Amino acid sequence: MTTPTIELKPSAHPLPAAEREAILARPGFGRHFTDHMVTVKWTEGRGWHDGQLVPYGPLSLDPATNVLHYAQEIFEGLKAYRRPDGSVATFRPDANARRFQASARRLAMPELPVETFIEACDLLVAQDKAWVPPHGGEESLYLRPFMIATEVGLGVRPADEYLFVVIASPAGAYFPGGVKPVSIWLSENRVRAVPGGVGDAKTGGNYAASLLAQAEAAAEGCDQVAYLDAVEHKWVEELGGMNLCFVYGDRLVTPALTGSLLAGVTRDTLLSLAADLGHQAEEGRVSIDQWREDSRSGALTEVFACGTAAVITPVGRVKTATDEWTQGDGEPGEVTLRLREALLALQTGRAEDRHGWMHPL
Ligand code: COI
């Protein structure tokens, strides 16, 4: 694997500071982008080459570009945080880099070296450091690395040219209510992923496939869709864009990685962080009947969604085609809030980084 150098070609016209500050005051999620992006090309026989940090701007693609037809695309999501001393650190970029490689293998794409992935993120954050929201809130700079097949042609086969890009976007809460509990629509007749499919790869197609069920969730008055496994239609897998965690008093259970779920970095982090806080944290199976009955009996005390964008978001209500229930008392649970605070304290540099997860710039 070649590790290309990344040439710096900064913008002569970054956004004026006053406009940037206005955006940072209310960033929303994924609506504004920083002044730069990093691009690296891959060509069959040549490997990775032409790494550049350039002004943020449109990509020019031929209408016959492979990705536009056959969706050979993968992406990642990770965040950079401002620490109390004003410095900036990203959270577990190596974990995202390795998952990016795993997604690339599944989509028959070239693997980007872990060090190039991290260097590209580092260079972009360093160049656009002024875009990292101030310490003190929950805002961060969300990084979106992605790779697309850029070969021009309509043949259905792995492309022989690719483009890796990293863009960055200041981010507030993914759900507009922040820590306000979200409602879940349980989709019993649509599946997100099948065994042997691409459910464990972070590829745009999985998200495209979730949109109809997500729209149905919205029509049912819910914030997110939850999926069951595709074979027995029984085991809870994940939400449209994040993992799930079930809290039984002191014990946390998150659906095991069966091959059709995404191995979330936040999910993985929480398995350790929950144990640090004295909880029993495990991967397991939770059926939809268990979810319903254990909620009604009170054994299942809390449920939360977890992901880079969602951080930790409590679930307050669950709705199916035939049924509906309130999760706990419908308010954010104690364990959910404690884990959320522990995670954010670590990420924003207010707590000791015992696991070496933070990557200072
Ligand atoms: C993330 O959490 O980073 C994701 O990619 C999920 C998406 C819903 C924004």
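Residues numbered from 1 in each chain as written. Predicted model: local features only at pLDDT ≥ 70, side-chain atom pairs only at ≥ 80, totals over all residues.

The name given to the protein chain in an unreviewed UniProt entry is branched-chain-amino-acid transaminase, with Streptomyces diastaticus subsp. diastaticus as the source organism. Quoted verbatim from the Cofactor (unreviewed entry) heading of the UniProt record, the comment on the protein chain is "pyridoxal 5'-phosphate". Its UniProt record, at the heading Sequence similarities (unreviewed entry), says of the protein chain: "Belongs to the class-IV pyridoxal-phosphate-dependent aminotransferase family." (UniProt positions renumbered as here; feature names shortened; annotations may be inferred.)

### A few points about the overall build of the protein chain
For the protein chain, the helix and strand inventory stands at eight helices and 18 strands. Here the C-alpha atoms of the protein chain give a radius of gyration of 21 Å, agreeing with the 21 Å that 2.2 N^0.38 yields for 361 residues. Along the three orthogonal principal directions, the C-alpha set of the protein chain runs to about 60 × 50 × 35 Å. Out of the 361 residues in the protein chain, the part that is buried amounts to 43%. Relative to all contacts within the protein chain whose residues are 6 or more apart in sequence, the contacts with residues 24 or more apart total 72%. (Helix = DSSP H or I, 4+ residues; strand = E, 2+ residues; numbered from the N terminus. Rg over C-alpha atoms; globule rule 2.2 N^0.38 Å. Buried ≥ 20, exposed ≤ 12 C-beta atoms within 10 Å, placed from the backbone. Contact = placed C-beta atoms within 7 Å.)

### A short note on the nonpolar core
If you look at the biggest cluster of nonpolar residues, it comprises 42 residues, and the most contacted ones within it are I184, A226, L244, C245, F246, A305 and C306. Residues contacting A226, with those up to four places away along its chain left out, are I184, L186, S187, V236, L239 and L244. Membership of the second largest hydrophobic core comes to 40 residues, among which are F91, F100, A120 and A159. (Core = buried A, V, L, I, M, F, W, Y, C linked by C-beta atoms within 7 Å.)

### Topic: the pairing of strand β8 (residues 161-171)
When strand β2 (residues 36-43) meets β8, the two strands line up antiparallel, connected through six bridges. Bridge assignment links K41 to a residue of β8, and that residue is L163. Direction of pairing for strand β7 (residues 140-149) relative to β8: antiparallel, over a ladder of ten bridges. Bridging across to β8, A149 finds its partner in Y162. (Pairing = 2+ DSSP bridges.)

### Comments concerning the packing of helix α3 (residues 93-106) against helix α4 (residues 114-127)
Between α3 and α4, the shortest axis-to-axis distance is 9 Å and the interhelical angle comes to 125°. Between α3 and α4, the angle is such that the two are oblique. Between α3 and α4 lies a crossing whose hand is right-handed. Along its contact with α3, which presents P93, D94, A97, R98 and F100, the element α4 presents V114, F117, I118 and C121. Counted by class, the contact of α3 with α4 contains seven nonpolar, no polar and two charged residues. (Axes fitted to C-alpha atoms, helices over the stretch in contact; angles between N-to-C directions. Parallel < 35°, antiparallel > 145°, perpendicular 65-115°, else oblique. Left-handed = near helix turned anticlockwise from the far one by under 90°. Nonpolar A, V, L, I, M, F, W, Y, C, P; charged D, E, K, R; others polar.)

### Overview of the site of the ligand
Neighbouring the ligand are G77, G241, M242, G307, T308 and A309. Here the shell around the ligand is built from residues that sort into two nonpolar, four polar and no charged. (Near = placed C-beta within 6 Å.)

### Topic: the environment of Q214
Assignment of secondary structure puts Q214 in helix α5 (residues 204-219). Along the sequence, Q214 and A126 sit 88 residues apart, while their C-alpha atoms lie 36 Å from each other.

### Overview of α5
A rise of 1.5 Å per residue sets the reference length of α5, with its 16 residues, at 22 Å; its end C-alpha atoms lie 23 Å apart and thus fit the reference within 8%. The sharpest bend along α5 comes to roughly 35°, located at L211. Taken together, the buried positions of α5 are occupied by S210, A213, Q214 and A217. Structurally, α5 contributes buried residues whose contacts are with β9 (182-187) and β10 (224-228). Note on α5: the residue one or two positions beyond its end, G221, has a positive phi of about 80°. (Expected span 1.5 Å × (residues − 1). Bend = angle between axes of the 7 residues up to and from the residue.)

### Re the pairing of strand β5 (residues 78-82)
In terms of residue burial, β5 counts as a mostly covered element, since five of its five residues are buried. Covered by surrounding structure in β5 are L78, A80 and R82 together with K79 and Y81, the residues of both alternating faces. Bridging between β5 and strand β6 (residues 88-91) involves three bridges; their strand directions are antiparallel. Paired with A80 across the two strands is T90, which belongs to β6. Taking the residues between adjacent antiparallel strands as the criterion, β5 and β6 are bridged by five residues, where G86 takes a positive phi near 90°.

### Some remarks on unusual backbone geometry
Positive phi values are uncommon outside glycine, yet D50 reaches one of about 55°. Residue position: D50 is located in strand β3 (residues 47-55). Even without glycine at this site, A108 takes up a positive phi of about 55°. Assignment of secondary structure puts A108 in the loop between α3 and α4. The exposure class assigned to A108 is exposed, which follows from the 11 C-beta atoms found within 10 Å.

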